[in-house]
Amino acid sequence: MAQLEDLPEFRDYLDREFPEGASEWSDGLSRRRFLGLMGASLALTGLAACSRQPIDKLLPYVRQPSGLTPGEPLWFASAHLLSGIARGILVESHEGRPTKIEGNPDHPGSLGGTDATMQGSILQLYDPDRSQTPLKRGIPSTWGTFQVELQQPAAQWNANAGAGLRFLSGKTTSPTLLEQINQITARYPAARWTVHEPAVNPGALRVVCDVERADVILAIDADFLASGPAQLAYARQFARRRNPGDAMNRLYVAESAPSLTGAAADHRFSLRPDDIFRLPEWLEHALSGSRDEAAPQWLEALARDLGNHSGRSLVLAGEFLPATVQEAVYALNNRLGNIGSTVRYLPEVLEPPNGIPLLDLVGEMQAGKVEALFILGANPVYAHPADIEVEKALSRVPFTVHQGLYVDETAALCGWHLPETDTLESWSDAAAFDGTLCLLQPLIEPLYDGISRHELLAALLGQPAVKSYEIVRRYWRQRVGEAGFEDIWHRALSDGVFSGQTLGPSREVATSPGQTPSEPASGGLHLIIRPDPHIYDGQFANNPWLQELPKPLTKIVWENAAHMAPATAGRLNVKHGDVVELDFQGRKITAPLWVLPGMGEDSVLIHLGYGRTRAGKVGDGVGFNAYALRTREAAWGGSGLQIRATGIRHAFSTTQDHAAMEHSHPVLFATLADFKKAPDFVKTIEEAPAHDESLYPPFAYKGYSWGMTIDLNTCIGCSACTIACQAENNIPVVGREQVMGGREMHWIRVDRYFSGPVEAPQILHEPVPCMHCENAPCEVVCPVAATVHDSEGLNAMVYNRCIGTRYCSNNCPYKVRRFNFFHYAETKSPTLKMQRNPKVTVRTRGVIEKCTYCVQRISAARIKAEVEGRAIRDGEVVPACAQACPAEAIRFGNVNDPASKVSQLKENPRNYSLLGELNTRPRTTYLARIFNRNPEVA
């Protein structure tokens with residue numbers, strides 16, 4: 001916001017040569033002193049070279065595994081689970097080590113794209129803080145000892161039909177697991193099962209949309225492009241309709257807190273939460289020809305636009321809105337003829353039988369009615385409503401068992417803790433958002449002494465020796481029959497999905513089901529509670545990649561904040577960076593305040609997932625715990641919030657201003673109407689000098705000439721490209737303190753800009769990798785020729801030559817070069833080393849690094865093409881950022897090939913160069929943003 005309002009502190013920031021603290025070590029060591037010490041160190045280099053290095057021995061395979069070629073990766077289909085819902089993935093494996101995750105184009109939940117949590121899950125597999133051995137009252141034990149101790153209570157459950165036996169888990173869509181649960185409840189009919197999923201609204205309708213068919217879309221507080229189980233599919237479908245040359249769709253978004261979907265909208269309306277709840281009713285009146293006096297002026301034009309596209313429109317309600325709003329949106333879609341065309345409402349996925357809610361379970365625990373409680377993969381002691389005393393109730397249960405990836409807050413209070421296998425370590429199955437079933441297969445033997453949920457339930461059924469592979473295969477053999485089973489099984493292994501197999505009934509519901517507590521009456525400040533965009537409900541808190549990935553709209557890292565509109569902050573006399581006390585329904589927490597343009601008035605947004613105490617070494621003590629304000633009746637917020645300034649100031653760790661480009665037009669945009677009138681409008685803004693006005697001699701690329709385009713019309717700013725690049729290129733994390741000094745290491749960042757009034761700005765995103773300039777300012781200033789041009793146009797970095805002067809970084813107008821101030825790369829953990837891509841050098845202290853266009857992928861494609869005696873095909877080389885992008889906004893290829901996609905996009909009239917007026921002639925160019933405005937909406 002300081003940049004948007006051009007405040008003095010932002011001008012001071014721009015005037016500094018380096019970000020504050022970037023020129024000093026954390027202990028105050030100056031640059032001059034550092035250079036002096038470096039000179040002394042170089043003088044001793046010769047002596048160090050005389051020392052004897054340890055001997056490493058390489059042992060070949062005695063018998064090389066079939067199908068394995070050393071150095072060549074293998075790919076396997078599996079799935080990533082989020083709240084029990086599957087998104088298809090393809091996992092790259094090097095000699096039995098999974099190293100990278102991509103989206104499965106054959107899976108309806110991903111369509112080839114990924115998001116940050118999917119990319120980050122590969123790091124979670126190798127997390128050294130994961131639970132490694134069974135614990136009995138905190139003391140290491142064994143799986144065998146647990147089975148022996150289980151015999152006595154199991155005999156009692158057999159005698160009393162499972163009275164006093166209770167289970168608690170997150171949501172599951174695994175048909176195999178659901179079948180095992182059915183077997184347990186059949187064996188122990190008095191047992192009860194509780195499903196507790198803190199980041200899911202149990203009353204939300206299960207909606208399946210065909211976004212690509214919709215000409216006009218209205219999202220009511222629905223961030224459908226960046227959250228929810230179908231976000232990847234919807235983002236890809238939405239992007240396919242954003243070409244200005246085709247029938248471009250139009251997106252309206254009404255929301256109280258800015259979102260990535262709101263940033264992608266053609267019209268974004270910032271409303272108070274109580275107005276959000278009334279919006280469907282206002283729209284119903286407008287469609288009927290009447291008008292509510294309290295309705296905004298633009299509503300009638302919106303209603304006409306939706307009505308004119310009956311059957312080709314779509315209205316979406318946010319999954320965290322109350323049931324009354326969702327039912328009203330269901331009625332709107334029915335009135336507009338959209339049901340069965342652009343949207344389907346399906347029954348909820350199958351739930352375990354004999355289910356009881358968390359409140360009833362806690363009540364039974366407090367009353368002493370629960371004799372044994374099994375908690376599978378859940379953490380209710382941390383993630384629970386503040387008005388339910390889970391911790392106190394848990395202490396009254398004699399026999400408690402927790403199974404999970406970590407010894408978390410719940411595990412610490414249970415008698416037994418059993419390590420759980422990661423989804424990449426065990427067999428299972430699951431359903432996508434539309435019910436399509438897929439297979440999960442292990443990519444590696446379990447790193448620790450863990451078991452799967454299938455194996456734990458099998459032990460409760462008297463089958464302790466049965467493995468997940470046998471359990472899952474047995475279920476599917478019974479489901480599809482013996483005839484053709486092996487073919488179906490191997491096809492699912494190959495494709496990642498079971499063709500024609502869905503979970504539960506496929507019929508559509510006739511009316512909208514489900515109920516959730518209604519929102520309290522309006523008045524005062526309104527609290528909005530949402531899952532964090534990266535660490536979700538807290539389950540990813542120990543993942544450093546996700547902690548250091550800048551939040552999409554604030555670019556905050558390593559913490560959360562309370563977000564408020566500028567006008568509301570001014571009225572309450574609080575400022576950006578103030579630590580405030582939030583008082584909601586008698587419960588109080590303190591949080592730092594982030595003043596965010598575009599927030600609805602009288603609203604405060606906070607995110608779940610922080611304030612952990614037993615997440616691990618990375619996640620403990622980071623941020624504040626928003627669950628302390630969450631109740632059963634106000635799970636996603638409500639009115640009546642009070643704020644009081646504490647007089648304490650807080651310094652945020654944020655990256656937004658670390659690469660500010662002064663006096664430039666970083667994001668070019670226009671309306672569709674203006675673009676049709678003047679398709680070459682970018683030329684009037686760019687004002688770039690002619691190509692022949694240069695001191696650089698021209699070079700003719702006779703072979704390949706690589707380049708990239710980024711379409712800002714389809715980019716949604718999700719940062720999947722950033723973390724995919726990190727996973728592919730072994731990029732380290734640096735921690736909160738180093739980020740605050742401007743030392744983050746990401747090779748591609750996603751800048752966020754505001755345009756227009758502070759109250760309702762247009763939000764713009766722009767990914768910025770290395771531009772690979774033809775006239776590269778970094779190359780001429782390097783004293784040791786560490787940054788050079790190669791024969792195919794890439795601006796390459798020779799790490800062995802780099803001596804760390806940072807001249808190249810100083811001379812780069814795009815600020816995309818990163819310097820290793822410390823030994824950021826983790827070298828002590830043997831498991832973390834296993835994740836690294838063996839085809840990419842792990843950089844050390846004192847060298848510059850940057851985007852290479854994933855040169856290792858270019859080299860692999862070149863070798864393959866030469867072996868086969870052909871040229872590299874268009875689309876054969878896909879950098880990690882482009883492959884991860886759910887919106888397919890990034891394209892890469894050979895610019896010398898006029899038939900290549902990237903060449904055609906560079907001829908597009910929307911194509912422009914970032915800072916083109918500098919005549920750096922970047923090989924990465926952008927396609928301008930086009931807004932499909934409704935001329936009737938002011």
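Above: the structure in question.
Predicted model only: the values in this text are computed from it and were never measured. (Residues numbered from 1 in each chain as written. Predicted model: local features only at pLDDT ≥ 70, side-chain atom pairs only at ≥ 80, totals over all residues. Heavy atoms only, no water.)

Novice: How do you make sense of the overall build of the protein chain when you look at a structure like this?
Specialist: Summing up its helical and strand segments, the protein chain has 27 helices and 37 strands in all. For the protein chain, buried positions account for 59% of its 938 residues. Counting contacts in the protein chain only where the partners sit at least 6 residues apart, residues at least 24 apart contribute 74% of the total. (Helix = DSSP H or I, 4+ residues; strand = E, 2+ residues; numbered from the N terminus. Buried < 20%, exposed > 50% of the residue type's maximum accessible area, 1.4 Å probe, protein only. Contact = heavy atoms within 4.5 Å.)

Novice: Would you mind going over the nonpolar core with me for this structure?
Specialist: Buried together is how nonpolar side chains tend to be arranged in soluble globular proteins. Within the largest apolar cluster, 66 residues are counted, with the highest numbers of intra-cluster contacts made by Trp706, Tyr814, Tyr853, Leu914 and Tyr926. In this view, Trp706 contacts Glu792, Leu794, Tyr853, Ile858, Ile872, Val877, Phe892, Gly893, Asn894, Val895 and Arg923; residues no more than four positions away in its chain are not counted. Ranked by size, the runner-up nonpolar core spans 56 residues in total, among them Val211, Tyr345, Phe433 and Val937. (Core = buried A, V, L, I, M, F, W, Y, C linked by side-chain atoms within 4.5 Å.)

Novice: Help me understand the packing of helix 6 (residues 175-187) against helix 15 (residues 468-480) in this model?
Specialist: The axes of two packed helices give the description: the angle between them and the distance between them. The contact between helix 6 and helix 15 brings their axes to 9 Å, and the two run at 90°. Accordingly, the angle class assigned to the pair helix 6 and helix 15 is roughly perpendicular. In this structure, helix 6 uses Pro175, Thr176, Glu179 and Gln180 to contact helix 15, whose residues at the interface are Ile471, Val472, Tyr475, Trp476 and Arg479. Residues of the contact of helix 6 with helix 15, tallied by class, amount to five nonpolar, two polar and two charged. (Axes fitted to C-alpha atoms, helices over the stretch in contact; angles between N-to-C directions. Parallel < 35°, antiparallel > 145°, perpendicular 65-115°, else oblique. Nonpolar A, V, L, I, M, F, W, Y, C, P; charged D, E, K, R; others polar.)

Novice: Explanation requested: the sheet that holds strand 21 (residues 562-564) in the structure shown.
Specialist: Taken in spatial order, the six strands line up as 20-24-21-23-22-25 and close into a barrel, and their pairing is mixed. Ignoring which end each strand starts from, the neighbouring axes of this sheet average 45° apart. (Pairing = 2+ DSSP bridges.)

Novice: Quick question: what am I supposed to make of the environment of Ile85 here?
Specialist: You can see Ile85 is positioned in strand 2 (residues 85-94). Owing to a relative accessible area of 8%, Ile85 belongs among the buried residues under this scheme. Once the C-alpha coordinates of Ile85 and Pro229 are considered, the two residues, 144 residues apart in sequence, prove to be 6.3 Å apart. When sequence neighbours within four positions are dropped, the list of residues in contact with Ile85 reads His80, Lys171, Thr173, Pro229, Ala431, Ala432 and Phe433.

Novice: I keep staring at unusual backbone geometry and nothing clicks. Help me out?
Specialist: Peptide bonds are, in most cases, trans, and in most cases residues other than glycine have a negative phi. One non-glycine residue with positive phi stands out, namely Asp602, at about 60°. In this structure, Asp602 sits in the loop between strand 23 (587-595) and strand 24 (603-607). Judged by relative accessible area, which is 14%, Asp602 ranks as buried. Within the chain, His772 stands out as a residue other than glycine whose phi angle is a positive 50°. Along the chain, His772 turns up in the loop between strand 29 (762-768) and strand 30 (787-789). Given the relative accessible area of 0%, His772 is considered buried.

Novice: I'm lost on the side chain of Asn730 in this one. Help?
Specialist: By the element assignment, Asn730 lies in the loop between helix 21 (720-728) and helix 22 (736-740). Owing to a relative accessible area of 7%, Asn730 belongs among the buried residues under this scheme. Residue contacts for Asn730: discarding those within four places in its chain leaves Arg836, Asn837, Val840, Thr841, Val842 and Arg843.

Novice: Looking at this structure, I do not really get the packing of helix 9 (residues 273-287) against helix 10 (residues 299-307). What am I missing?
Specialist: Two elements in contact, helix 9 and helix 10, have axes separated by 9 Å at closest approach and are oriented at 70°. The orientation of helix 9 relative to helix 10 falls into the category roughly perpendicular. In terms of crossing hand, the pair formed by helix 9 and helix 10 is right-handed. Contact with helix 9, carried on its side by Leu279, Trp282, Leu283, Ala286 and Leu287, involves Leu299, Leu302, Ala303, Leu306 and Gly307 of helix 10 and no other residues of that element. Here the residues of the contact of helix 9 with helix 10 sort into nine nonpolar, one polar and no charged. (Left-handed = near helix turned anticlockwise from the far one by under 90°.)

Novice: Would you mind going over the sheet that holds strand 14 (residues 372-376) with me for this structure?
Specialist: Consider a sheet: its strands pair through backbone hydrogen bonds, and that pairing is either parallel or antiparallel. With mixed pairing, the seven strands of this open sheet are ordered in space as 5-4-16-15-14-6-7. The sheet is open, and its two edges are formed by strand 5 (139-140) and strand 7 (192-195), each paired on a single side. Contacts from helix 12 (residues 358-366) reach strand 6 (165-169), strand 7 and strand 14, with the element oriented near 140° to strand 6.

Novice: Looking at this structure, how should I read the side chain of Ser653?
Specialist: Inspection of the secondary structure puts Ser653 in the loop between strand 25 (637-649) and strand 26 (669-671). Exposure remark for Ser653: the relative accessible area of 0% places this residue in the buried category. Polar side-chain contacts of Ser653 include one of 2.4 Å to the backbone oxygen of Val557. If we skip the residues at most four places from it in the chain, Ser653 touches Lys555, Ile556, Val557, Trp558, Glu559, Arg736 and Met740. (Polar contact = N/O pair within 3.5 Å; in protein donor to acceptor, adjacent residues only side chain to side chain.)

Novice: Please explain the packing of aromatic side chains as it appears in this structure.
Specialist: What describes a pair of aromatic rings is the distance from one ring centre to the other and the angle between the planes of the rings. Taken as a whole and judged by the stated rule, the model has 30 aromatic pairs. Summarising the aromatic geometry, the rings of Trp157 and Phe374 are spaced 5.9 Å apart at their centres and angled 70° between planes, so their arrangement reads as edge-to-face. Linking Trp157 in helix 5 (residues 143-160) with Phe374 in strand 14, this pair joins segments that are 217 residues apart in sequence. Here Tyr252 and Phe269 contribute two aromatic rings whose centre-to-centre distance is 6.5 Å and whose plane-to-plane angle is 15°, an arrangement assigned as stacked. Of this pair, Tyr252 sits in strand 10 (residues 250-255) while Phe269 sits in strand 11 (residues 267-270); the two residues are 17 residues apart in sequence, bridging distant segments of the chain. (Phe/Tyr/Trp six-rings, centres within 6.5 Å; stacked < 30°, edge-to-face > 60°.)

Novice: Please explain the state of the cysteines as it appears in this structure.
Specialist: What is meant by a disulfide is a covalent connection between two cysteines, made through their sulfur atoms. In total, this model carries zero disulfides according to the counting rule given. Left unpaired, Cys881 is separated from the closest cysteine sulfur, that of Cys854, by 6.2 Å. (Disulfide = S-S within 2.5 Å.)

Novice: Honestly, helix 6 in this entry has me stumped. Any pointers?
Specialist: Quick reminder: α-helices carry 3.6 residues per turn. Residues three or four places apart thus point the same way. Between its terminal C-alpha atoms helix 6 stretches 18 Å, which fits the 18 Å expected from 13 residues at 1.5 Å a residue. Within helix 6 the residues assigned to the buried category are Pro175, Thr176, Leu177, Leu178, Gln180, Ile181, Ile184 and Thr185. Where helix 6 is buried, its residues touch strand 6, strand 7, strand 17 (428-431), strand 18 (436-440), helix 14 (453-460) and helix 15. (Expected span 1.5 Å × (residues − 1).)

Novice: Mind showing me how you'd approach the pattern of salt bridges here?
Specialist: A pair can form between side chains of opposite charge whenever their charged atoms are brought close. Enumeration over the complete set of coordinates arrives at 41 salt bridges. We note a salt bridge from Asp115 to Arg87, for which the minimum N-O separation is 3.1 Å. Separated by 28 residues along the polypeptide, Asp115 in the loop between strand 3 (97-103) and helix 4 (116-125) and Arg87 in strand 2 bring together distant segments of the chain. Grouping residues by exposure puts Asp115 and Arg87 together as buried. Glu774 is the partner of Arg923 in a salt bridge, and the nearest nitrogen-oxygen pair spans 3.1 Å. Residue Arg923 is located in the loop between strand 35 (911-912) and strand 36 (924-927), and its partner Glu774 is located in the loop between strand 29 and strand 30; the two are separated by 149 residues in the primary sequence. Look at Glu774 and you get buried, because its relative accessible area is 15%. (Salt bridge = Lys/Arg side-chain N within 4 Å of Asp/Glu carboxyl O.)

In short, geometric facts, not functional conclusions.
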